[in-house]
Amino acid sequence: MMKFRFRRQGTDPQREKIKQELFAFNKTVEHGFPHQPSSLAFDPKLQIMAIGTKSGAIKVYGAPGVEITGLHKDTTAVTQIHFLPGQGRLLSLLDDNTIHLWELVAGMPREVGGVRKEGVVALQEVGNYSLPGRPGIESCSATRVTVLLLLRSCDVVSIGTEGGGVYFLQLPRLSLKEDQTLFQDQITQSLPDDYRCGKSLGPVESLQEHPQESGKILIGYSRGLVVLWNLHTRHTEQIFLGKQQLESLVWERSGNLFVSSHNDGGYSVWPVTTGNTYSQQPASTTIPYGPFPCKAISKILWRTTHTGSPLMLYSGGMPRASYGDRHCLTIQQDKDHVTLDFTSRVIDFFTVHSTEQEKVFDDPTALVVLLEEELVVIDLQTPGWPSLPSPYLAPLHSSAITCSCHISHVPPKLWERLINAGKVQQGCQRGNKIWPICGGKNLAPPPKHQELLLTGHEDGTVRFWDASGVALTPLYKLSTANVFHTDCDPSDDPHDPDLQQEDEWPPFRKVGCFDPYSDDPRLGIQKISLCKYSNKLVVAGTSGQVIVLGLNDEQSDHLVDVSVVDLLQDREGFTWKGHDRLEPRLKPAPFPPGFQPLVLVQCLPPASVTAVALHAEWNLISFGTSHGFGLFDYHRRNAVLARCTLHPNDSLAMEGPLSRVKSLKKSLRQSFRRIRKSRVSGKKRTITTPTSKVQMANAALAEQEEVAPVQRRIEPRSADDSLTGVVRCLCFADTFLRDGTHHGPTLWAGTNSGSVYAYALEVPGVGLGRVCDRVGASETSLCVEAVLGKEIQLMHRAPVVSISVLDGRGKPLPEPYEASQDLAIAPDMTNAHSVLIASEEQLKVFSLPKVSAKTKFKLTAHEGCRVRKVALVIFSSTAQEDYSEHTLVCLTNMGDMHLYNIPGLRPQVRYDCIRKEDISGIASCVFTRNGEGFYLISPSEYERFSLSAKVITEPLFSIQLDRPLDLTPASDPMMQLQANGTHKNQMSQAEGQTEELPSSLSSPLLDTPLDSPLSCADLTLDTTGELTVEDVRDFLTTVDEAENNLKNIKEEEGRSPGILIN
């Protein structure tokens, strides 16, 4: 009988069919600003923009909802991008000196969730070219490409090189026109002897085609020489003998003059005349920020207007000594002069203007500036040139992200009030101005429900984002700094342009919202909780501050109530060595419309808040730190409970983040000691020496009885580990705790040492059906009381990640107000409840109120990984409208997703989502209630993914091209996208084989969605709120342990792709 003991259950075809209708993994879209942008381009006909990055990605944007992504084979920086106007084609130049041609292609329509989805568009590479070396010259630097110019005919691209040669490439075949090649020697021969002087002309810095006469191009060399070259006659029409090092060239629209910018911070205007071969001097030379030495003007634009005065735009040119470290772009027109001052480096910029040949003037309407950390758009039609709010590409990391929270099914009233509060903040910036990058037509259906993504930041702000569709749009920003005394008084608001002095030179104006510096790191937001029905918000920070806020449509000046909660409870032997608490304001302060603070709860010691829970129906909040947890009644301004969770050896919990390095070293040292200890104890596990083969067999059988063959042995964690008192999770629930007949409010808390505390709460007006026979009940019912009901200690002392209470049907309890206001199905209170406790090592369901184990799944023992994030999600079927399942989703330290049914905890499916090396991505992951999720792939980008076969947020759009939109075959259904742009074949998943990235890559619209190849392994992200010592321990796992885990995982995966057998 023993041979059948561990036989797996067979698969149920009907259940497998249901799984396919419920679950499907897709990476759908990347929200935020591209990480490390390196190039910019604009198609004036299609009104779409492209951004290239240092990792080899090309992202194309149009109207909100129109987004496409393409990836080069190699993660090499994209140095230049050029559109073929109107054709949906673009050229990219990489840092490895290769030129690539891309096309927009139409994907096959497909059905998702029973709905036929049109508008699938992909960005596909159709060819590439590498310039060959010049014969007789060994160095390849001579043919290194410095600049590309696409001629107006769109059939030839001219290529400038470091060696001074200009080559011409036929499009779209990407074949070199060798008879058109122009070497520097040909130009040098026609120069005057006094200019030649035996010096090289240097690399080609700029190529510009004549705006009126096709076939004539300006060639600008680094030394300062500019040549007007005729492609048809193959001779020079005019030579401009510049003597200052050249940076860029631009034509005036009529072609009668051009402007050159130089490295001395000046620009020159050169007239173009016929009959004069040589031009010795420009018509005018200006150093706008002289006379002292200035930095180079790297790029200049000259745009004509119907008012007569040209509009000049140029980057750089600042005085070296005074403002050499500024990142500036200047706008000049007649007497109007503004120097836009940015907080990050200018990558490139362009203007949106008239390009039709029959138009006389450029008449620019907008200026688009790509910076290293954000995109800024300036309205050139409005006096004062204000900036336009961006509907997408907003810098998520304007201050470093420290935590995030997702709210689904936002009530319309709350949504409207948030939008109005945001409009008040934007002031005059938000108007009826049309977003200039408006190409394409969004075909995605409007969202059925509004969704919010809340991000907490290092500077104490909480930003509200519209996450209902493809474009992540900023709605409203909440600042908590004005609750406290900080170095920067909020009354000194620097954003008002009227405050700048009239005589200031240069006339700087701060533009953009990227501000990586925080006035006080203690302001950082660590936890957020929002009740969408009562409009109550709780934010908790780095220095133990917990703020309860309410939504108000009017500005208010009031004093914030302050309450102090001591979590140590006078425990002896502990002295806080960390930072001081933030000092609250003692006078009334002005608070703008939106969320306004009602009460401030200050934890002592002022350690970072690690968990928070809000129950607005009971007017209660709970909060936890590394020292303990507390319960507060914000309606009565009364501290109900303070419980210390410190272990006598928890000295590290008293040091604060200032001693983080020391703490990390000590923790790692203890971790390695425990690993060595477990190995030694494993080798010495033999108790007695058997004297016969029978005794040896019995000993082996006993070992087999103890641990199943597919399980790993888990060593219990020592109670002496540091930081065991950290509160990891908090939960409110109306359930059975005292007995099986009376239910009432409860509070649950889980710690880093595997302890779970359950308190029965007496809340006035709640649970009146319970018999209260205590003396003086009417008197005590005026305040909330908490009584310890249960205390659970998990066997291996693994940290508790999540606690959830399930009703009599095994469903999660509804949120506050949902049941009382008939917004959700009332929970089953007739049958016994249960509590689901997820630790880092296992999932376990206990019955209530006896707290006896019902079922469990040992994730670490079975899979060799640890739980990092847990969520209860509703998955709807694509085949049946009224069928859905509640499922437990687990993200592990290996970056994979495990789905289990509840309350049975039977494995359903498993997906690879995030690279296991991406600690920050795993720590930043947040799930939605309907099966989607977000995680950071860089400091400025969220990757959005879906685990649901029905709920998928993806770009669907159409673009009208001047050429037919070719169809591309549907992507291979056997190809599944792994983390960070690596395609992985499901059939070879058990063997761990990784296929090479194909040259043709689809957008996130297709069955094979795109993921960015950005690697966070070389990034230090201070953008995650829950990066723990355990994360680092996992990352530093020894090689032999990692190999053993991989071997066991492979054995488990040797079955149907991506699905675990029940």
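Residues numbered from 1 in each chain as written. Predicted model: local features only at pLDDT ≥ 70, side-chain atom pairs only at ≥ 80, totals over all residues. Heavy atoms only, no water.

## Some points on the overall build of the chain
Here comes step 1: In terms of helices and strands, the chain carries twelve helices and 68 strands.
Here comes step 2: Here the chain holds 1062 residues, and 56% of them are scored as buried.
Here comes step 3: Nonlocal contacts in the chain, meaning residues at least 24 apart in sequence, comprise 62% of its contacts between residues at least 6 apart.
Here comes step 4: When the accessible surface of the chain is split by element, carbon and sulfur atoms take 50% of a total near 45900 Å². (Helix = DSSP H or I, 4+ residues; strand = E, 2+ residues; numbered from the N terminus. Buried < 20%, exposed > 50% of the residue type's maximum accessible area, 1.4 Å probe, protein only. Contact = heavy atoms within 4.5 Å. Areas by Shrake-Rupley, 256 points an atom, 1.4 Å probe, with all protein chains shown as cover.)

## With respect to the sheet that holds strand S39 (residues 525-531)
Here comes step 1: Pairing within the open sheet is mixed, and its five strands lie in the order S39-S40-S41-S45-S43. Two strands bound the open sheet, and with one partner strand each, they are S39 and strand S43 (561-566). The sheet shows a mean angle of 20° between the axes of neighbouring strands, taken without regard to direction.
Here comes step 2: Across five bridges, the pairing between strand S40 (residues 536-541) and strand S41 (residues 545-552) is antiparallel. Within S41, the residue paired with lysine 536 across the bridge is glycine 550. (Pairing = 2+ DSSP bridges. Axes fitted to C-alpha atoms, helices over the stretch in contact; angles between N-to-C directions.)

## Quick look at the packing of aromatic side chains
Here comes step 1: The tally for this structure, following the rule as stated, stands at 23 aromatic pairs.
Here comes step 2: Note on phenylalanine 42 and phenylalanine 350: the rings are 4.6 Å apart at their centroids and 10° apart in plane angle, and the pair reads as stacked. A residue pair is termed long-range when its members are at least 10 positions apart, and phenylalanine 42 in strand S2 (residues 37-43) and phenylalanine 350 in strand S29 (residues 346-352) qualify at 308 residues.
Here comes step 3: Relative to phenylalanine 732, the ring of tryptophan 618 has its centre 6.1 Å away and its plane inclined at 85°; by these criteria the two rings are edge-to-face. Taken together, the residues span a long stretch of sequence, with tryptophan 618 in the loop between strand S46 (611-615) and strand S47 (620-624) and phenylalanine 732 in strand S50 (residues 727-736) at a distance of 114 residues.
Here comes step 4: By relative accessible area, tryptophan 618 is classed as buried at 6%.
Here comes step 5: Through pairs of rings, three or more aromatic residues link up here, namely Phe25, Tyr911, Phe927, Tyr935 and Phe945.
Here comes step 6: Directly above the aromatic system of phenylalanine 508 lies the positively charged group of arginine 326, at a separation of 4.3 Å from the ring centroid. (Phe/Tyr/Trp six-rings, centres within 6.5 Å; stacked < 30°, edge-to-face > 60°. Lys NZ or Arg CZ within 6 Å of the ring centre and 35° of its normal.)

## A few points about the pattern of salt bridges
Here comes step 1: Applying the stated criterion to the full structure yields 32 salt bridges.
Here comes step 2: A salt bridge links lysine 17 to glutamate 21; the nearest nitrogen and oxygen atoms lie 2.6 Å apart. You can see lysine 17 and its partner glutamate 21 sitting in helix H1 (residues 13-22), four residues apart, about one turn around the helix.
Here comes step 3: A salt bridge links arginine 196 to aspartate 193; the shortest N-O distance between them is 3.1 Å. (Salt bridge = Lys/Arg side-chain N within 4 Å of Asp/Glu carboxyl O.)

## Some points on the pairing of strand S56 (residues 843-847)
Each regular strand shows side chains that alternate between the opposite faces of the sheet.
Here comes step 1: Along S56, five of the five residues are buried, which leaves the element largely enclosed by surrounding structure.
Here comes step 2: What sits between strand S55 (residues 834-839) and S56 in their antiparallel hairpin is a turn of three residues.
Here comes step 3: Both S56 and strand S57 (residues 852-857) contribute to a ladder of five bridges, which runs antiparallel. Within the sheet, the bridge partner assigned to leucine 843 lies in S57 and is phenylalanine 857.
Here comes step 4: Between S56 and S57, which pair antiparallel in sequence order, lie four residues; one of them, valine 851, sits at a positive phi of approximately 55°.

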